[in-house]
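# Commentary on secondary and tertiary structure
Now for the letters of each chain:
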Amino acid sequence: MDKIKEKFSSICDTRHQSYVEHKLSDILVITMCAVMWHRQFKRDN
(Lines give C-alpha, C1' and ligand atoms only; values in the text may rest on other atoms or scores of the structure.)
Protein backbone atom coordinates (compact mmCIF):
# COMPACT_ATOMS: atom_id res chain seq x y z
CA MET A 1 0.00 0.00 0.00
CA ASP A 2 2.89 2.36 0.72
CA LYS A 3 4.30 1.86 -2.80
CA ILE A 4 0.95 2.71 -4.35
CA LYS A 5 0.58 5.77 -2.15
CA GLU A 6 4.12 6.85 -3.08
CA LYS A 7 3.31 6.56 -6.80
CA PHE A 8 0.10 8.54 -6.38
CA SER A 9 2.01 11.24 -4.47
CA SER A 10 4.02 11.98 -7.59
CA ILE A 11 0.86 13.13 -9.43
CA CYS A 12 0.65 16.90 -9.65
CA ASP A 13 -2.27 18.25 -7.60
CA THR A 14 -3.55 21.41 -9.26
CA ARG A 15 -6.18 22.20 -6.64
CA HIS A 16 -5.87 25.52 -4.83
CA GLN A 17 -4.42 24.77 -1.39
CA SER A 18 -7.19 26.67 0.41
CA TYR A 19 -9.68 24.07 -0.88
CA VAL A 20 -7.63 21.00 -0.01
CA GLU A 21 -8.82 19.00 2.98
CA HIS A 22 -7.38 15.63 1.95
CA LYS A 23 -4.26 14.73 0.00
CA LEU A 24 -4.89 13.71 -3.59
CA SER A 25 -2.96 10.48 -3.02
CA ASP A 26 -5.34 9.52 -0.17
CA ILE A 27 -8.38 10.18 -2.36
CA LEU A 28 -6.92 8.07 -5.18
CA VAL A 29 -6.14 5.15 -2.84
CA ILE A 30 -9.67 5.21 -1.41
CA THR A 31 -11.15 5.35 -4.91
CA MET A 32 -8.97 2.49 -6.13
CA CYS A 33 -9.96 0.32 -3.14
CA ALA A 34 -13.65 1.10 -3.68
CA VAL A 35 -13.44 0.10 -7.35
CA MET A 36 -11.64 -3.13 -6.50
CA TRP A 37 -14.21 -3.95 -3.79
CA HIS A 38 -17.09 -3.19 -6.16
CA ARG A 39 -15.65 -5.40 -8.89
CA GLN A 40 -15.17 -8.25 -6.40
CA PHE A 41 -18.66 -7.79 -4.98
CA LYS A 42 -20.28 -7.86 -8.44
CA ARG A 43 -18.32 -10.98 -9.35
CA ASP A 44 -19.57 -12.81 -6.24
CA ASN A 45 -23.24 -11.99 -6.93
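These numbers come from a predicted model, not from an experiment.

### What about the pattern of salt bridges?
A full pass over the atoms with the stated rule returns two salt bridges. A salt bridge links Asp-26 to Lys-5, with the shortest nitrogen-to-oxygen separation between them at 2.9 Å. With Asp-26 in helix α2 (residues 24–44) and Lys-5 in helix α1 (residues 2–9), the pair connects residues that are 21 residues apart, well separated along the chain. By relative accessible area, which is 25% here, Asp-26 ends up partly exposed.

### A short note on the packing of aromatic side chains
One pass over the structure, following the stated rule, counts one aromatic pair. Seen from their ring centres, Trp-37 and Phe-41 are 5.2 Å apart, and the 10° between their planes marks the pair as stacked. Of the two residues, Trp-37 and Phe-41 are both situated in helix α2; the distance of four residues between them amounts to about one turn of the helix.

### Some thoughts on the environment of Met-32
Mapped onto the elements, Met-32 comes out in helix α2. Expressed as a C-alpha distance, the spacing of Met-32 and His-22, which sit 10 residues apart in the sequence, is 16 Å. Setting aside its immediate chain neighbours within four residues, Met-32 contacts Ile-4 and Phe-8.

### What to know about the environment of Ser-25
One can find Ser-25 in helix α2. Taking the C-alpha atoms as reference points, Ser-25 and Cys-12, separated by 13 residues in sequence, lie 9.9 Å from one another. With sequence-adjacent residues up to four places away left out, Ser-25 is seen in contact with Lys-5, Phe-8 and Ser-9.

### Quick word on the environment of Asp-13
Locating Asp-13 in the fold gives a position in the loop between α1 and α2. With relative accessibility at 26%, the residue Asp-13 sits in the partly exposed group. As for Asp-13 and Asp-2, which are separated by 11 residues in sequence, their C-alpha atoms are 19 Å apart. At 2.7 Å, the side chain of Asp-13 and the side chain of Arg-15 are in polar contact.

How each quantity is defined
Residues numbered from 1 in each chain as written. Predicted model: local features only at pLDDT ≥ 70, side-chain atom pairs only at ≥ 80, totals over all residues. Heavy atoms only, no water. Salt bridge = Lys/Arg side-chain N within 4 Å of Asp/Glu carboxyl O. Helix = DSSP H or I, 4+ residues; strand = E, 2+ residues; numbered from the N terminus. Buried < 20%, exposed > 50% of the residue type's maximum accessible area, 1.4 Å probe, protein only. Phe/Tyr/Trp six-rings, centres within 6.5 Å; stacked < 30°, edge-to-face > 60°. Contact = heavy atoms within 4.5 Å. Polar contact = N/O pair within 3.5 Å; in protein donor to acceptor, adjacent residues only side chain to side chain.

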